[in-house]
Amino acid sequence: MDELVPDVWRVDGPDLRMPAGVMIPASSTVIRLPDRTLVVYSPVAFDDAVAASIEAAGEVAHLVVPSRLHHLFAVAASARWPRATVHAAPGIADKQPDLRIDRQLPDDPDPAWGDALAVELVTGVPKLDEVVLFHRPSGTLACADLVFNITRPANLRTRVALAMMGVGGRRLAQSREWWWLREDRAAARAAVHRIAALPIARVAPWHGDPIEVDAAGLTRRMTRLYGGRPTAAHGSLELSTH
């Protein structure tokens, strides 16, 4: 478990083995709340040793299942930490009928989170329905597929696959799937505005390395979602389609 900043850690899991030998990295973000309990955002396949390292930092009290694509390891994580509250994005019950869901995000955030965490749903893309989590004390945005930052592709086939997805080049980027699956452009643009309003200092993506970036820098990577290009003016973010 690698500490990013005080009270925020990165926990690597096994790479996801895709068809044709493509290997996609996967990492959970762990956040410690002011009450010293832990939030695990988008669980990976934890083994006993990794789980013990997490528990050494505090009690796992919250599990966040953030999207329709990021649910495969949620049942196992809930079984490992049965006392933890399970917070799920829309549509998770359909994907994981055996998963106990205690709170539906973004409409029912836990009062225990207080002001430490903010939740935003990436609207306009219902086939993904991703929820991102913002840790206010550190300025860290934890996300699932919102952006990728894979700087060390495992092999040539992985590099080719990432390039086809639009997230190659060993850089922070957004997958073309957001463009392909977007159904409501106005709602997607509104989601970008909401995320851009957060005082972001870094992003912790599930796929790839954490990166220091502010809200304006992040938004410049999200053109596939809102279908325009951003311009920054006097410290505020404006979106242009010209």
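Our subject is the structure listed above.
Below, the structure is looked at part by part. Fair warning: this is a prediction, and the values are worked out from it, not measured in the lab. (Residues numbered from 1 in each chain as written. Predicted model: local features only at pLDDT ≥ 70, side-chain atom pairs only at ≥ 80, totals over all residues. Heavy atoms only, no water.)

### Observations concerning the pairing of strand β12 (residues 140–143)
Side chains of β12 alternate between two faces, with Thr-140 and Ala-142 and Leu-141 and Cys-143 buried alike. Inspection of the sheet shows strand β11 (residues 131–135) paired to β12 by three bridges, in the antiparallel sense. Across the sheet, residue Phe-134 finds its bridge partner in β12, namely Leu-141. The turn linking β11 back onto β12 is made up of four residues, and Gly-139 within it adopts a positive phi angle of 70°. Looking at chain direction, β12 and strand β13 (residues 202–205) are connected through four bridges and run parallel. Pairing of Leu-141 across the sheet is with Val-203, part of β13. (Buried < 20%, exposed > 50% of the residue type's maximum accessible area, 1.4 Å probe, protein only. Helix = DSSP H or I, 4+ residues; strand = E, 2+ residues; numbered from the N terminus. Pairing = 2+ DSSP bridges.)

### Re the layout of surface pockets
Considering only enclosed or pocket space, the largest pocket measures out at about 460 Å³ in volume. Considering the residues around the largest pocket, the lining is formed by 23 residues, among which Leu-16, Met-18, Ile-24, Asp-145 and His-207 are closest to the centre. Counting only elements with at least two residues in the lining of the largest pocket, the list comes to α4 (156–165) and α5 (177–181). A breakdown of the residues in the lining of the largest pocket according to their chemical character gives 15 nonpolar, five polar and three charged. (1 Å grid on protein atoms, 1.4 Å probe; cavity = no way out; pocket = protein on both sides within 12 Å on 5 of 7 lines; lining within 4 Å. Points joined across faces, edges and corners; volume = space filled by probe spheres on them. Nonpolar A, V, L, I, M, F, W, Y, C, P; charged D, E, K, R; others polar.)

### Overview of the packing of aromatic side chains
In this structure the tally under the stated criterion is one aromatic pair. Seen from their ring centres, Phe-46 and Trp-81 are 5.6 Å apart, and the 65° between their planes marks the pair as edge-to-face. You can see Phe-46 sitting in the loop between β6 (38–41) and α1 (48–55) and its partner Trp-81 sitting in the loop between α2 (74–80) and β8 (85–88), a full 35 residues away along the chain. (Phe/Tyr/Trp six-rings, centres within 6.5 Å; stacked < 30°, edge-to-face > 60°.)

### Quick notes on the sheet that holds strand β7 (residues 60–65)
The sheet built from seven strands is open, its strands ordered β1-β2-β5-β6-β7-β8-β9 with mixed pairing. With partners counted over all chains shown, the strands left at the sheet margins are β1 (2–5) and β9 (103–104), one partner each. Taken together, the four bridges between strand β5 (residues 27–32) and β6 define a ladder with antiparallel strand orientation. Note that in β6 the partner of Thr-29 across the bridge is Tyr-41.

### As for the sheet that holds strand β14 (residues 211–212)
Hydrogen bonds along the backbone pair up the strands of a sheet, which may run parallel or antiparallel. Across the sheet, which stays open at both edges, the five strands sit in the order β10-β11-β12-β13-β14 with mixed pairing between neighbours. Unpaired on one side and paired on the other, β10 (117–121) and β14 mark the two borders of the sheet. Packed onto the sheet, helix α6 (residues 185–196) meets β10, β11 and β12 and runs at close to 165° relative to β10. (Contact = heavy atoms within 4.5 Å. Axes fitted to C-alpha atoms, helices over the stretch in contact; angles between N-to-C directions.)

### Topic: the side chain of Thr-158
Of note, Thr-158 is situated in helix α4. Not counting residues up to four positions away in its chain, the partners in contact with Thr-158 are Gly-21, Val-22, Met-23, Ile-24 and Pro-153.

Any functional reading would require information beyond the geometric quantities listed.
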